[in-house]
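If you want the building blocks of each chain, they are given just below.
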There are 2 protein chains.
Amino acid sequence: MSTYALGLDLGGSSIKAVAITPAGQILTRRNVEFDALQTMDWARRIDSLTGEIQAECGAPAVAIGLSAPGLTAPDEQSIACMPGRLAGLQGLHWTSYLRSPIPVPVLNDAHAALAGETWLGAATGLRNVILLTLGTGVGGAAMVDGRLLKGHLGRAGHLGHICLDQNGPLDITRTPGSLEYFVGNYSIAERTGGRFQSTHALLAARDAGDPAAAEFWRQSIYALGCGIVSLVNVLDPEAVVIGGGIARAGEALFGQLAGVLDRIEWRPGEHRVKVLAARLGEMAGAIGAAGKALAWRGGLEK
Amino acid sequence: MSTYALGLDLGGSSIKAVAITPAGQILTRRNVEFDALQTMDWARRIDSLTGEIQAECGAPAVAIGLSAPGLTAPDEQSIACMPGRLAGLQGLHWTSYLRSPIPVPVLNDAHAALAGETWLGAATGLRNVILLTLGTGVGGAAMVDGRLLKGHLGRAGHLGHICLDQNGPLDITRTPGSLEYFVGNYSIAERTGGRFQSTHALLAARDAGDPAAAEFWRQSIYALGCGIVSLVNVLDPEAVVIGGGIARAGEALFGQLAGVLDRIEWRPGEHRVKVLAARLGEMAGAIGAAGKALAWRGGLEK
């Protein structure tokens, strides 16, 4: 029977959970859908999942951590701001709700994914790293000198919301022509004049030799490169980790992106930033939340 | 006879120096031109200035700090990278060169200016702040949780080098259509089709009722706003401090910028970022370097 932490990741339609030892061994994992239309079904699911996994593991978790969308409160024990979705999440105090004997840290989901990747994934041991997750939107997080960058309100690391075209449409945060707009899947129909309904379809057409698809893809990767060089000049990370569904494009993304960075990345002393594919996939957030819980318990980090 | 630190700021054509007490009282200040064509004239000037000020103050400084352009070495005792200008600066070990009994911290000039503004200027006591200096180019620095953001190579905080137009010309760091390009004085002739040779002339024409000048100025402030909202989404500062020659435009800048931010700033929970005018002027870097030297001496900060 191993000592383990429980990491929980609340997403838009499902909850990921992982029981993991301090050495990084995964004892069990779950991915459970919840009913988004039923008030706080996600909370009850997390509560019962917590009980089930601890029963399965034959011992209580030594620490529990939670990842969720939104901005965390200064004490990192709740989500302070998450308008529009997951009603009931704002202000919910997870230590109390889960009846945990020790405090449950709450992390923003992108922050948690980066914490996972720096603990056990693509960026293990690195101290200055940024993460971009390319999916419906473009999520992001930054680690600075080994600490997650949270900022004044906990909003730091919204890396998809940088302007790349002053005349572009305003995104969900009101940023004109943002990185999220140029790369995220949500805008693909708009960006391709209605020709493609998903990045997946765009890539399939490109692979089949469609020159228009190849050009749309080129624009998307160029925008990603423009965003990355901007973030490199601001945050100066050692590595950029790229995850999310669109990162599964593999060489079509990483190969073309390398060519863009060769043209526009600032390389003092010939130094170039590492571009790495995320490794933990959909479990990154749960793993990061568990790692944070272990760190809190160990007093390694407040 | 007061205990004081000596702060030195090496610029492109002059050296600023300040003797300042730990309470922030300025005992004396200097601004000395150097001969840029004479090899390392700047270094000899700094050495003699250091002697003169200490003689004037009647006692040796308890700490000395230096601000200079370029990227600092990891041990923060020299500039590791400054290609193209100030030959001899790269690798010069200032503790040895100035024969200081205690280590002389070396700061990037923009980092030093922000350190000054957070110690005794516009952002006193704030822990999450960014600085933009609008002049020939656009300089920048960021403070995160009370620490200067340096990054992996010491390049962090180059806030002027974020892309705002993917199709724009490459700037000195190869960033396409950067904030520096759209706001810096160096590109004003290019941006105005040769009509204006300086931002100063542009503003004078605007004030005299020239509609083309007003439109060029509007574009410049809109670009500044797009850059600020991007940086706010990445770094989430409590305040943005704006300095440099162009900031002397006063209300023409700050008033118009406020209008832009009302349209495009992300304001979770109605929170808005503070926009503050820098207060320390050309002495910010020297004051910041002195503050850092006092912090090193006091062991407050490595």
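Structure first, text after, so check above.
Residues numbered from 1 in each chain as written. Chains lettered and ligands numbered in written order. Predicted model: local features only at pLDDT ≥ 70, side-chain atom pairs only at ≥ 80, totals over all residues. Heavy atoms only, no water.

Thoughts on the relation of the copies chain B and chain A
Here is step 1: Between the two copies, chain B and chain A, the superposition gives an RMSD of 0.0 Å; the rotation angle is 180° and the shift along the axis is 0.0 Å. Within this description, the copies of the chain are treated as partners about a two-fold rotation axis.
Here is step 2: A symmetric contact is evident, with 100% of the interface residues of chain B recurring at the interface of chain A. (Least-squares fit on C-alpha atoms with pLDDT ≥ 70 in both. Contact = heavy atoms within 4.5 Å.)

Let's talk about the side chain of His158 of chain A
Here is step 1: Mapped onto the elements of the fold, His158 of chain A is located in the loop between β10 (147-148) and α4 (179-183).
Here is step 2: Apart from the residues lying within four places of it in its own chain, the contact partners of His158 of chain A are Leu71 of chain A together with Asn233, Val234 and Trp266 of chain B. (Helix = DSSP H or I, 4+ residues; strand = E, 2+ residues; numbered from the N terminus.)

Focus on the sheet that holds strand β9 (residues 138-144) of chain B
Residue and element names in this part refer to chain B.
Here is step 1: A sheet is described by the order of its strands in space; here five strands give the open sequence β10-β9-β8-β11-β12, paired in mixed fashion. A single partner strand is all that each edge strand has here, and the edge strands are β10 (147-148) and β12 (274-277).
Here is step 2: Both strand β11 (residues 239-243) and β12 contribute to a ladder of four bridges, which runs parallel. Considered in β12, the bridge of Val241 is made with Leu276.
Here is step 3: Lying on the sheet, helix α3 (residues 109-120) is in contact with β8 (129-134), β9, β10 and β11; it crosses β9 at an angle near 55°.
Here is step 4: Running over the sheet, helix α8 (residues 251-264) touches β8, β11 and β12 and is turned about 170° from β12. (Pairing = 2+ DSSP bridges. Axes fitted to C-alpha atoms, helices over the stretch in contact; angles between N-to-C directions.)

Here's the deal with the sheet that holds strand β9 (residues 138-144) of chain A
Residue and element names in this part refer to chain A.
Here is step 1: Strands sit in the order β10-β9-β8-β11-β12 across an open sheet of five strands; the sheet is mixed. Here the strands that pair on one side only, and so sit at the sheet edges, are β10 and β12 (274-277).
Here is step 2: Pairing analysis gives six bridges linking strand β8 (residues 129-134) to β9, with the strands arranged antiparallel. Paired with Val129 across the two strands is Met143, which belongs to β9.
Here is step 3: Along the sheet, helix α7 (residues 211-235) contacts β8, β9 and β11 (239-243); its crossing angle with β8, the most-contacted strand, is approximately 155°.
Here is step 4: Set on the sheet, helix α8 (residues 251-264) makes contact with β8, β11 and β12; between it and β12 the angle comes to about 170°.

So, the packing of helix α3 (residues 109-120) of chain A against helix α9 (residues 284-298) of chain A
All names here are of chain A.
Here is step 1: Packing of α3 against α9 leaves a shortest axis separation of 6 Å and a crossing angle of 75°. Here α9 runs roughly perpendicular to α3, going by the angle between their axes. Contacts between α3 and α9 pair Ala112, Ala113, Ala115, Gly116, Glu117, Trp119 and Leu120 from the former with Ala284, Gly285, Ile287, Gly288, Ala289, Ala290, Gly291 and Leu294 from the latter.
Here is step 2: When its residues are assigned to classes, the contact of α3 with α9 shows ten nonpolar, four polar and one charged. (Parallel < 35°, antiparallel > 145°, perpendicular 65-115°, else oblique. Nonpolar A, V, L, I, M, F, W, Y, C, P; charged D, E, K, R; others polar.)

Description of the interface of chain B and chain A
In many reports, interface size means the accessible area that the parts give up when they come together.
Here is step 1: Chain B puts 53 residues into the contact, and the matching count from chain A is 53 residues.
Here is step 2: Summed over both sides, the interface of chain B with chain A buries roughly 4300 Å², with 54% coming from carbon and sulfur.
Here is step 3: The tally of links from chain B across to chain A stands at four salt bridges.
Here is step 4: In this structure, the salt-bridge partner of Asp236 of chain B is Arg155 of chain A, at a minimum N-O distance of 3.1 Å.
Here is step 5: Here chain B is connected to chain A by 30 residue pairs in polar contact (both at pLDDT 80 or more).
Here is step 6: Elements with a contribution of two residues or more to the side of chain B that touches chain A: α7 (211-235) and α8 of chain B. (Buried area = accessible area lost by both parts, 1.4 Å probe. Salt bridge = Lys/Arg side-chain N within 4 Å of Asp/Glu carboxyl O. Polar contact = N/O pair within 3.5 Å; in protein donor to acceptor, adjacent residues only side chain to side chain.)

Overview of the pairing of β11 of chain A
Residues and elements named next belong to chain A.
Here is step 1: For β11, the buried fraction is high: five of the five residues fall into the buried class.
Here is step 2: Along β11, one buried face is formed by Ala239, Val241 and Gly243 and the opposite face, lined by Val240 and Ile242, is buried too.
Here is step 3: Bridging between β8 and β11 involves five bridges; their strand directions are parallel. Note that in β11 the partner of Ile130 across the bridge is Val240. (Buried < 20%, exposed > 50% of the residue type's maximum accessible area, 1.4 Å probe, protein only.)

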